[in-house]
Amino acid sequence: RETLFSGFAWPSERELNVMYMDLNKKAKRSRVASYHLARFLQESPAGSRVCLMGQSDGGRIALSTMHLLSGAMLRAFLTEPEAQLSSGRPDLRLRCVILDAAAGHHWLNPGERLDQALPASEALLNLRNSRDYALAFYVFGTYTGLRGAIGRVGLNSHDIDKLGPLSARVEQLDLNPAVGSSRTTLPQALDIPDVAER
């Protein structure tokens, strides 16, 4: 009775034939979506438990939203302006599930783009696919960060070292053995026993 489900939809259908150009356009647009979602969640009752779930650029939005809710600033990047809420919400109990997330694997590290997302959260479940075909093009986009996506390569050992104790808040599962190189939606992922359990 105390649970509220909110669906946050944003225009993310494929618009351009060249995969990396389309990914680049969505990556740039996702910053605006993150800001609006964070503003909505900023109005949550004190002490609310919030679980953000997002796939692909939705995963990027979820991580960016947690970063903004911490009170941190999304720094300007290329033509993207800086963004920050009027105040953070450290009282919110944030958890996050990302699937095939289109965000740099290193962005959660100290000094990187979303370095306050993990400190603001209780837990992050990264459902990645090591052979995701769309995220193979991720590194070619200007707004993607030119490194592998967390939804494909996950946090590597260098990232885990940099995160230190914060890395204990992250659990990663490679869905490739169960789904192959196909894109998986969150409802489909729940059919995988290891995912459903978590």
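Now for a look at the structure at hand. (Residues numbered from 1 in each chain as written. Predicted model: local features only at pLDDT ≥ 70, side-chain atom pairs only at ≥ 80, totals over all residues. Heavy atoms only, no water.)

## Brief notes about the nonpolar core
Across soluble globular proteins, nonpolar side chains have a tendency to be buried as a group.
Consideration 1: Membership of the largest hydrophobic core comes to 35 residues, with the highest contact counts inside it found for Leu52, Leu63, Cys96, Ile98, Leu108 and Leu124.
Consideration 2: When contributions to this core are tallied by element, the ones reaching two or more residues are helix 1 (19-41), strand 1 (49-55), helix 2 (57-69) and strand 2 (93-99).
Consideration 3: The contacts of Leu52, once residues within four sequence positions are left out, are Leu37, Leu41, Ala62, Thr65, Met66, Arg95, Cys96 and Val97. (Core = buried A, V, L, I, M, F, W, Y, C linked by side-chain atoms within 4.5 Å. Buried < 20%, exposed > 50% of the residue type's maximum accessible area, 1.4 Å probe, protein only. Helix = DSSP H or I, 4+ residues; strand = E, 2+ residues; numbered from the N terminus. Contact = heavy atoms within 4.5 Å.)

## Regarding the pattern of salt bridges
Consideration 1: Under the counting rule described, the total for this entry stands at six salt bridges.
Consideration 2: With a shortest N-O distance of 2.7 Å, Asp91 and Arg89 are connected by a salt bridge.
Consideration 3: Arg198 is the salt-bridge partner of Glu171, the closest N and O atoms lying 2.4 Å from each other. Of this pair, Glu171 sits in strand 4 (residues 170-174) while Arg198 sits in the segment after helix 6 (193-197); the two residues are 27 residues apart in sequence, bridging distant segments of the chain.
Consideration 4: Note on Glu171: relative accessible area 35%, which makes it partly exposed.
Consideration 5: You can call Arg198 partly exposed: its relative accessible area is 44%.
Consideration 6: Because the salt bridges share partners, they merge into one network encompassing Arg93, Arg95 and Glu122. (Salt bridge = Lys/Arg side-chain N within 4 Å of Asp/Glu carboxyl O.)

## Notes on empty space enclosed by the protein
Consideration 1: On inspection of all chains with the given rule, the structure shows two cavities of 30 Å³ or more.
Consideration 2: Considered as a void within the structure, the largest cavity measures approximately 90 Å³ in volume.
Consideration 3: Lining the largest cavity are Ala27, Ser30, Arg31, Ser34, Arg60, Ser64, Leu74, Glu80, Trp107, Arg113 and Leu114.
Consideration 4: If you tally residues by element for the lining of the largest cavity, the top one is helix 1, at four residues.
Consideration 5: A per-class count over the lining of the largest cavity returns four nonpolar, three polar and four charged.
Consideration 6: Approximately 30 Å³ is the volume found for the second largest cavity.
Consideration 7: Its residues placed into classes, the lining of the second largest cavity shows one nonpolar, no polar and three charged. (1 Å grid on protein atoms, 1.4 Å probe; cavity = no way out; pocket = protein on both sides within 12 Å on 5 of 7 lines; lining within 4 Å. Points joined across faces, edges and corners; volume = space filled by probe spheres on them. Nonpolar A, V, L, I, M, F, W, Y, C, P; charged D, E, K, R; others polar.)

## Let's talk about the environment of Asp161
Consideration 1: Relative to the assigned elements, Asp161 resides in helix 3 (residues 157-163).
Consideration 2: Each C-alpha atom of the pair Asp161 and Asn109 lies 9.3 Å from the other, and the pair is 52 residues apart in sequence.

## Brief notes about the sheet that holds strand 2
Consideration 1: Strand order in this open sheet of four strands is 1-2-3-4, and the pairing throughout is parallel. Each end of this open sheet is capped by a strand with a single partner; those strands are strand 1 and strand 4. Direction aside, neighbouring strands of the sheet carry axes that sit 10 degrees apart on average.
Consideration 2: The pairing of strand 1 with strand 2 spans seven bridges and is classified as parallel. Bridge pairing links Val50 to Leu94 in strand 2. (Pairing = 2+ DSSP bridges. Axes fitted to C-alpha atoms, helices over the stretch in contact; angles between N-to-C directions.)

## A word on the layout of surface pockets
Consideration 1: One number sums up the size of the largest pocket: a volume of about 1400 Å³.
Consideration 2: As for the largest pocket, its lining consists of 40 residues, and the residues nearest its centre are Leu4, Val50, Cys51, Leu52 and Met53.
Consideration 3: When contributions to the lining of the largest pocket are tallied by element, the ones reaching two or more residues are helix 1, strand 1, helix 2, strand 2, strand 3 (121-128) and helix 6.
Consideration 4: With seven residues, strand 1 is the largest single contributor of residues to the lining of the largest pocket.

Keep in mind that these numbers describe shape and distance, not what the molecule does.
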